[in-house]
Amino acid sequence: MNLSPDGVRRFTLQSRGQPSSEAASGQNAVSIFLVEDNPADAGLLRKSLEQHDFEGELVIATDGESAIQFIDLMDSQQVECPHLVIIDLNLPKRSGREVLVRMRRSARCGKVPIVILSSSDVQQDKADAARLGATQYLRKPSRLDEFLDLGRIFKDILGGSPR
Amino acid sequence: MPPPAGMVTPEERYRELQDFIENAAVAMHWVSEDGTILWANKAELELLGYSREEYFGHNIMEFHADRPVILDLLNRLKRGEEVHGYEARLRCRDGSIQYVSINSSVYREDGRFIHTRCVSLNITEEKKAAEVHHRLSAIVESSDDAIISKDLNGIIQTWNAGAQRIFGYTTEEIVGKHISTLAAPDRVDEIPNILERLVRGERIDHYETKRKTKDGKILTVSLTVSPIRDESGRIIGASKVARDITERGLQEQALRDANAALTRSNADLHQFAYSASHDLQEPLRMVVAYSELLQKEFGTQLGPSGAEYIGYTVQGALRMEQLLRDLRTYTLASTSARDATADIDASVSLDNAIKSLAAAIKDSKACVTRTDLPCVRMHEFQLEQVFQNLIGNSIRYRGSDPPHIHVAAARQDPDWLFSVQDNGIGIDPQYKEQVFELFKRLHSIAEYPGSGMGLAICQRIVERAGGKIWVESEPGRGSTFYFTIPRTAV
């Protein structure tokens, strides 16, 4: 399970006050695949997930190319399907749109919820995301409180509570 | 040939000769040495329009338009010269001038000057024709355009000064050469086609093509080629007028280049607008979120000043964000790729604007009333933007009473006149133009926040839709913003 392309890092999500060793393997463990090149945003998102009691694994691809390679690994059953995919639009090498399309075409994991998380509020970007099969389009908030609140929305998407 | 002598008497012969001379088709007269007219025939009297009494016995000089000419003529004759084809201008009874060509000699007896023997040919028609011809030639010669004639085989027959100036060949060099000498290498093929069309009697009007000068320079010319017919209507050649439009072509190219540059800069603006909404927002979000995180997690260690500084950092970045957002809206309003193609209901735009302002309306206890609004040809979100900015301003610049804002529309052909009226602080009339300028603010940020772009955006949107926007206001009593949108044909 340590198979990863360059540009893909794995993190363990620890909800506040829970020991980590149990979290990753526990019944409620989730796996979230985040495609995001900006470590500042990735850091805030991780904080947000942990504040909303997500436990499990956060896999971060920092460019479009390695994201697509990682999806290839999902299809060849070398890694498990994530429970949720979060994609930024503006990415190095391959765009967030391409990653979204590739993810939706995945034979094995094509049905997982995909959230586009972008700083763009251009109508065209939102429309494109919906057309290409995104579950939801979220604009990255500027204010810290709103950003940290994103975890709640992800929780809703996953069906009320993390599995 | 007169009948041979012997068949008529000398008297008869004399009468016949007299009749012959009197009724001859050419004008004849006798003039004495001092110029007195002794005799003239009928043709001469008819030519000038005088009766015998008005002509005979008068001096010939009275009837010449040019005194030096007749003096010279008489002197020559007195000296014993015979003159042939001597041209003179005679004055007729009706004041008109006739041109004549004079043949004359003196009849002498024993060396004594008896009278002249003067025969005058009327050459007035030829003279006039020559004059017209001369004038036409002068026009052709003075033309800036090349005027060339060619026969049906394409051989150049005439060549004017304009042609020499444009193509560089002199008349001697080019007359007799084939017209294809002038064609640009890639246009030689079109010559047979032009000649064929001419033979069919067609005229070729303002045909733009390429021609080559003597020194090989390629010119863009506009050609007009018309068939030349002889008197019987048979086509015998063609006249060709070539205008050098190389310069015009260059100007058109410059215009196309400028247009392309504008299109590019428009595309750049679009790109900027996209960046403003995305790439430029990104680092600002970092500043805001991480300053707030710093405050949240380490605020206690920074002390009260630290909290204040972080507050300013966040405020500054948020304001920058707002500016970028507004600048993008402004840019998109100026460069919007497409004009609206369908009518939208203005009341829907107003509803949406009010929805976006719900919080501000609630906080300020504002009351927004309206009349019926028409359908107009605009992008819905743009009209919404106009209402949102104007109503937003009415709320922001409110007086001590809760804002009352009235939105109305009235037909004012050929437009719809919209108005947004409020009871706010109003605008000093001297600023009523300036408020629409980009980044123009009348108040400090601390008093009234805002990017200073709202009204500039409104103006851009309204003008793009073909309308105008202005404000009427009395400080302390409120403002009314008016804008027009052209009515669409029903």
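Given the structure is predicted, the values throughout are model-derived calculations rather than measurements.

(A) Representation of the packing of helix H11 (residues 346-356) of chain B against helix H13 (residues 380-396) of chain B. Residues and elements named next belong to chain B. Closest axis-to-axis distance for the H11/H13 pair is 8 Å, and the angle between their directions is 50°. Classified by the angle between their axes, H11 and H13 sit oblique to one another. Of the two elements, H11 crosses H13, and the hand of that crossing is right-handed. Where H11 approaches H13, its residues Ala346, Val348, Ser349, Leu350, Asn352, Ala353, Ile354 and Ser356 are matched on the opposing element by Glu380, Leu383, Glu384, Phe387, Gln388 and Ile391. Of the residues that constitute the contact of H11 with H13, the class distribution is 8 nonpolar, 4 polar and 2 charged.

(B) Spatial organisation of the pattern of salt bridges. Counting across every chain of the model gives 42 salt bridges over all chains. Measuring nitrogen to oxygen at the nearest pair gives 3.0 Å for the salt bridge that ties Glu282 of chain B to Arg285 of chain B. On the criterion of helical spacing, the pair formed by Glu282 of chain B and Arg285 of chain B is a turn pair, its members being 3 residues apart in helix H10 (residues 281-335). Note on Glu282 of chain B: relative accessible area 13%, which makes it buried. The salt bridge involving Asp413 of chain B is made with Arg487 of chain B; its shortest N-O contact spans 2.8 Å. With Asp413 of chain B in the loop between strand E14 (404-412) and strand E15 (415-421) and Arg487 of chain B in the segment after strand E17 (478-486), this pair connects stretches of sequence that are 74 residues apart. A relative accessible area of 26% means that Arg487 of chain B is categorised as partly exposed. Members of the salt-bridge network, linked through shared partners, are Glu36, Asp41, Asp88 and Lys140 of chain A together with Glu282 and Arg285 of chain B.

(C) Here's a closer look at the sheet that holds strand E4 (residues 97-109) of chain B. All names here are of chain B. Reading across the sheet, the 5 strands line up as E2-E1-E5-E4-E3 and stay open at both edges, with antiparallel pairing between neighbours. Sheet topology places strand E2 (37-40) and strand E3 (83-91) at the edges, where each strand pairs with a single neighbour. Averaged over all pairs of adjacent strands, the angle between strand axes in this sheet comes to 30°, irrespective of strand direction. The sheet contact formed by E4 and strand E5 (residues 112-122) spans 10 bridges and is antiparallel. For Ser105, the partnering residue across the bridge sits in E5 and is Arg117. Against the sheet, helix H4 (residues 67-78) touches strand E1 (27-31), E3, E4 and E5, its axis set at about 145° to E3.

(D) Structural view of the sheet that holds strand E1 (residues 8-13) of chain A. Residues and elements named next belong to chain A. With mixed pairing, the 6 strands of this open sheet are ordered in space as E1-E3-E2-E4-E5-E6. Each of the sheet's edge strands pairs with one partner strand only, and the pair in question is E1 and strand E6 (136-139). Between one strand and the next, the sheet's axes are offset by a mean angle of 20°, whatever the strand orientation. Two elements, strand E5 (residues 114-118) and E6, share 4 bridges in a ladder whose sense is parallel. The residue of E6 that forms the bridge with Val115 is Gln136.

Procedures and definitions
Residues numbered from 1 in each chain as written. Chains lettered and ligands numbered in written order. Predicted model: local features only at pLDDT ≥ 70, side-chain atom pairs only at ≥ 80, totals over all residues. Heavy atoms only, no water. Axes fitted to C-alpha atoms, helices over the stretch in contact; angles between N-to-C directions. Helix = DSSP H or I, 4+ residues; strand = E, 2+ residues; numbered from the N terminus. Parallel < 35°, antiparallel > 145°, perpendicular 65-115°, else oblique. Left-handed = near helix turned anticlockwise from the far one by under 90°. Contact = heavy atoms within 4.5 Å. Nonpolar A, V, L, I, M, F, W, Y, C, P; charged D, E, K, R; others polar. Salt bridge = Lys/Arg side-chain N within 4 Å of Asp/Glu carboxyl O. Buried < 20%, exposed > 50% of the residue type's maximum accessible area, 1.4 Å probe, protein only. Pairing = 2+ DSSP bridges.

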